[in-house]
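Okay, here's what each chain looks like letter by letter:
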Protein chains: 2
Amino acid sequence: MNLKELASRLGLSPTTVSRALNGYPEVNEATRERVMAAAKRHNYHPNTRAIRLATGRAMAIGHVIPVATRHEIVNPVFADFIAGAGETYSRNDYDMVLSVVPDEQEEAAYRGMKSKGNVDGVIVHAPKMNDARIGLLHDIGLPFVVHGRATGTTLPYSWLDVNNRRAFQRATEFLLDLGHTRIALVNGLEFMDFAIRRRTGYIDALSTRGIAPEPALMSSDEMTEIAGHRTARRMLALSTPPTAFLVASMISGMGVRRALEEQGLQMGRDISVIIHDDDLSYMKNGDDVPIFTATRSSVRDAGRLAAEMLLDMIASPGPGPQQRLLEAELIMGQSTGPCLKP
Amino acid sequence: MNLKELASRLGLSPTTVSRALNGYPEVNEATRERVMAAAKRHNYHPNTRAIRLATGRAMAIGHVIPVATRHEIVNPVFADFIAGAGETYSRNDYDMVLSVVPDEQEEAAYRGMKSKGNVDGVIVHAPKMNDARIGLLHDIGLPFVVHGRATGTTLPYSWLDVNNRRAFQRATEFLLDLGHTRIALVNGLEFMDFAIRRRTGYIDALSTRGIAPEPALMSSDEMTEIAGHRTARRMLALSTPPTAFLVASMISGMGVRRALEEQGLQMGRDISVIIHDDDLSYMKNGDDVPIFTATRSSVRDAGRLAAEMLLDMIASPGPGPQQRLLEAELIMGQSTGPCLKP
DNA sequence: AATCGCCCTCAAACCGCTTTGGATGGCTCA
DNA sequence: TGAGCCATCCAAAGCGGTTTGAGGGCGATT
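Everything numeric in this text was worked out from a predicted model, so none of it was measured.

Chemist: I'd like to hear about the sheet that holds strand 11 (residues 323-326) of chain A, residue by residue, with values.
Modeler: Spatial strand order, 11(A)-5(A)-4(A)-3(A)-1(A)-2(A)-2(B)-1(B)-3(B)-4(B)-5(B)-11(B): twelve strands in an open sheet with mixed pairing. Strand pairing shows two members of the sheet lacking a second neighbour, strand 11 of chain A together with strand 11 (323-326) of chain B, which therefore form its edges. For this sheet, the mean inter-axis angle between neighbouring strands, taken without regard to orientation, is 20 degrees. Summarising the sheet, strand 5 (residues 159-162) of chain A and strand 11 of chain A pair through four bridges and their orientation is parallel. Each residue of the ladder has a partner; that of A:Asp161, found in strand 11 of chain A, is A:Leu325. Helix-sheet contacts for helix 6 (residues 106-116) of chain A involve strand 1 (60-67), strand 2 (95-102) and strand 3 (121-124) of chain A, and the interaxial angle to strand 1 of chain A is about 165 degrees. Each of strand 1 (60-67), strand 2 (95-102) and strand 3 (121-124) of chain B touches helix 6 (residues 106-116) of chain B; the most contacted strand, strand 1 of chain B, lies at about 165 degrees to it.

Chemist: Lay out the interface of chain B and chain A in plain terms, naming residues and giving numbers.
Modeler: Every contact between the two is made by 50 residues of chain B and, on the other side, 50 residues of chain A. Summing both sides of the interface, chain B and chain A together bury roughly 4,400 Å²; the carbon and sulfur share of this comes to 57%. Counting the contacts that link chain B with chain A gives two salt bridges. Here B:Arg257 makes a salt bridge to A:Glu225, at a shortest N to O gap of 2.7 Å. In this structure, the connection of chain B to chain A is made through 16 residue pairs in polar contact (both at pLDDT 80 or more). Secondary structure elements with two or more residues in the side of chain B that touches chain A: helix 4 (48-55), helix 5 (75-91), strand 2, helix 6, helix 10 (225-236) and helix 11 (250-262) of chain B. Here the side of chain B that touches chain A gets nine residues from one element, more than from any other, and that element is helix 5 of chain B. For the side of chain B that touches chain A, a count of residues per class yields 20 nonpolar, 14 polar and 16 charged. As defined by bridge partners, strand 2 of chain A adjoins strand 2 of chain B across three bridges and the pair is classed as antiparallel. Pairing of A:Met96 across the sheet is with B:Leu98, part of strand 2 of chain B.

Chemist: Let's hear about the relation of the copies chain B and chain A: which residues, and what values?
Modeler: Between chain B and chain A, the superposition needs a rotation of 180 degrees and an axial shift of 0.0 Å, giving an RMSD of 0.1 Å. As the rotation angle and translation indicate, the two copies are arranged about a two-fold axis. The rotation axis passes nearest to the C-alpha of B:Val97 in chain B, at a distance of 2.2 Å. Counting the interface residues of chain B, we find that 100% of their copies in chain A are interface residues as well, pointing to one common contact surface.

Chemist: Let's hear about the pairing of strand 6 (residues 183-187) of chain A: which residues, and what values?
Modeler: Residue and element names in this part refer to chain A. With five of its five residues buried, strand 6 lies for the most part within the structure. The alternating pattern of strand 6 places Ile183, Leu185 and Asn187 on one face and Ala184 and Val186 on the opposite face, and all of these are buried. Alignment of strand 6 against strand 8 (residues 244-247), held across four bridges, turns out to be parallel. Of the residues in strand 8, the one forming a bridge with Val186 is Val247. Where strand 6 lies against strand 7 (residues 218-220), three bridges are found, and the strand directions are parallel. Note on strand 7: the bridge partner recorded for Leu185 is Met218. Once you follow strand 6 into helix 9 (residues 193-208) and on to strand 7, the crossover reads as right-handed.

Chemist: Explain the environment of B:Tyr282 to me, and be specific about the residues and the numbers.
Modeler: Note on placement: B:Tyr282 falls in the loop between strand 9 (272-277) and strand 10 (293-296). Sequence separation between B:Tyr282 and B:Glu329 is 47 residues; the distance between their C-alpha atoms is 20 Å. Excluding residues within four positions of it along the chain, B:Tyr282 makes contact with A:Asn75, A:Pro76, A:Thr224, A:Ile251, A:Tyr282, B:Pro76 and B:Asp80.

Chemist: I'd like a rundown of the sheet that holds strand 6 (residues 183-187) of chain B, residues and numbers included.
Modeler: All names here are of chain B. Taken in spatial order, the six strands line up as 7-6-8-9-10-12 in an open sheet, and their pairing is mixed. Every interior strand has two partners, whereas the edge strands, strand 7 (218-220) and strand 12 (329-331), have only one. Neighbouring strand axes in the sheet, compared pairwise and without regard to direction, differ in orientation by 15 degrees on average. The pairing of strand 8 (residues 244-247) with strand 9 spans four bridges and is classified as parallel. By the bridge assignment for strand 9, Ala244 is matched with Ser272. Together, strand 6, strand 7 and strand 8 form the strand contacts of helix 10, whose direction differs from that of strand 7 by roughly 160 degrees.

About the cut-offs
- Residues numbered from 1 in each chain as written.
- Chains lettered and ligands numbered in written order.
- Predicted model: local features only at pLDDT ≥ 70, side-chain atom pairs only at ≥ 80, totals over all residues.
- Heavy atoms only, no water.
- Pairing = 2+ DSSP bridges.
- Helix = DSSP H or I, 4+ residues; strand = E, 2+ residues; numbered from the N terminus.
- Axes fitted to C-alpha atoms, helices over the stretch in contact; angles between N-to-C directions.
- Contact = heavy atoms within 4.5 Å.
- Buried area = accessible area lost by both parts, 1.4 Å probe.
- Salt bridge = Lys/Arg side-chain N within 4 Å of Asp/Glu carboxyl O.
- Polar contact = N/O pair within 3.5 Å; in protein donor to acceptor, adjacent residues only side chain to side chain.
- Nonpolar A, V, L, I, M, F, W, Y, C, P; charged D, E, K, R; others polar.
- Least-squares fit on C-alpha atoms with pLDDT ≥ 70 in both.
- Buried < 20%, exposed > 50% of the residue type's maximum accessible area, 1.4 Å probe, protein only.
- Right-handed = clockwise from strand over helix to strand, strands pointing away.

Without other data, these values stay purely geometric and don't point to any function.
Next up, the structure:
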């Protein structure tokens, strides 16, 4: 069942039927209802391929996922971000197209999307310092929103980010207020922009209280259970080990906890831990009472909002770049307590 | 730069240029090279939207992700499956379109994909018993491959699955061989087909050795850290607690481990644990030495293979449904040891 | 009664590609 | 020499919608 056939059954022209269905004003209200009814009765859905060609719009948003042989950075939070963004797309009749490419082909993937015209815009994930993708997308003229920010980029661009610096600053202050001074930072990889900002927040808080950051207490690694465990284990073996840990993710945090338990240390009593909680649906930080004290910000909400921002930009390309900074909340769990050591 | 313009620059007709680029035989080899060179020089990429309309093929595969308000089942393994499938699609110039919909709209989503024609086929995730989606897709005539199987379905259909029954049977036998008789099963939700099969394997192994399965040692819940912890904690409180745990996933396993450590039990020495390891890239079971003894099967490979199967079916729709059963390997970690209790 | 204007509808062009069904010309072969 | 045959290329008709520009019908105005 296509437009032409539906039109002929109704004794109308395709033009009128098309207009009736798309809510154009120049069609009689009675006619419109007749058309609508017939469309429903015959289960007519316009062919997406034809609409796309005719309108020149892809009605789809692209997400490029570079799959590295070495690091696997996006994965854990990625699923939830996608779920959030996907909800927005569905509500707006957009498709979400994922492109999984080897990371050295990432640039080609963006160029391809532009020239093949299968998306109207893209979301950029996991920005690094001086991220080359921003300049690239700017040049080829593909609308985009960055999830995060890219320090060092001078071009204006649209982004949605969590205030990572502030979150880690507050968390550090909270630990300082509990009397901790030897606070370890178990950070993500520091070529990732968010990791740099978190580190800055941590250092700022320490400096304000006149505490010099200690390199032995600062680490940067992948945010996996294994790496978290390895790092915490190493730091606990120091001659004067930390009394508190500030950890980049729920998953790293589980590794840290394992290392603590191996040493017979109980979180919240013997040692304090604060993690960053992306509020992942499959990795909840406790049921009612949070396990970890945490800086929390839902990455799923971020997905929803970033997608809305992008669709908005596509719908009305007028105004310049949009930006939005979300604040993480500091939630109290059972993993923090006053410092016992003098 | 489009086909017509490229053709006119070359002094050829669009027909010839199209044929030259698509490798048809009725064009002079010299002409073809000239066309190819010009295409590259002008950075010509055919417009996807036009190709799709003209050929009637979407060159895209759909994945419907139902987002439930209650359970969040697919998420953890989903990201890796998608990454695997995505690699296959990229290699074959297919797009992957994800559709995130409230689970009560799942049927509508499949129907929409068919009638809107934006995909050539779909992958069905997380089949349940008597899964209604199989009949539905069969009826509307959209090619599909199921990741897993659906017990109770009589229609023939294509699937790719891990031999879950056998994996859990072997794991149970392994524990029995170590002298364990009180083996706990920490299963996934048992309306999921794979969970039923795992349970069957577990029970079969016990029965063969003349051991009656004990309801108090069998649980079924979401595969989260929280749920794993809760279940293990409950079972450890039994008057005669289990000496071994068979756990449905890496994440549940981490919850189980937490419960064990709370009781001061050390895995591999005081108590044995076997998990199922989907070989998730962000949740590795140890670096070189596996932490957990595990039944392992890469869900990423499964994604790759399922996608290949589907593309193959679309390319040559002749033969009937394809099926493929992968075997999980039993890998030795540090979490199992001989039973100490009499 | 003629004119104007408004409401509604339609024919046809267009989006950019594929594909069918010729057309052209040179070459072989009887 | 002329028929037949390839090899090569092209014009035009789709694919299934949207959109432009024009026109018919009819009540209101003069």
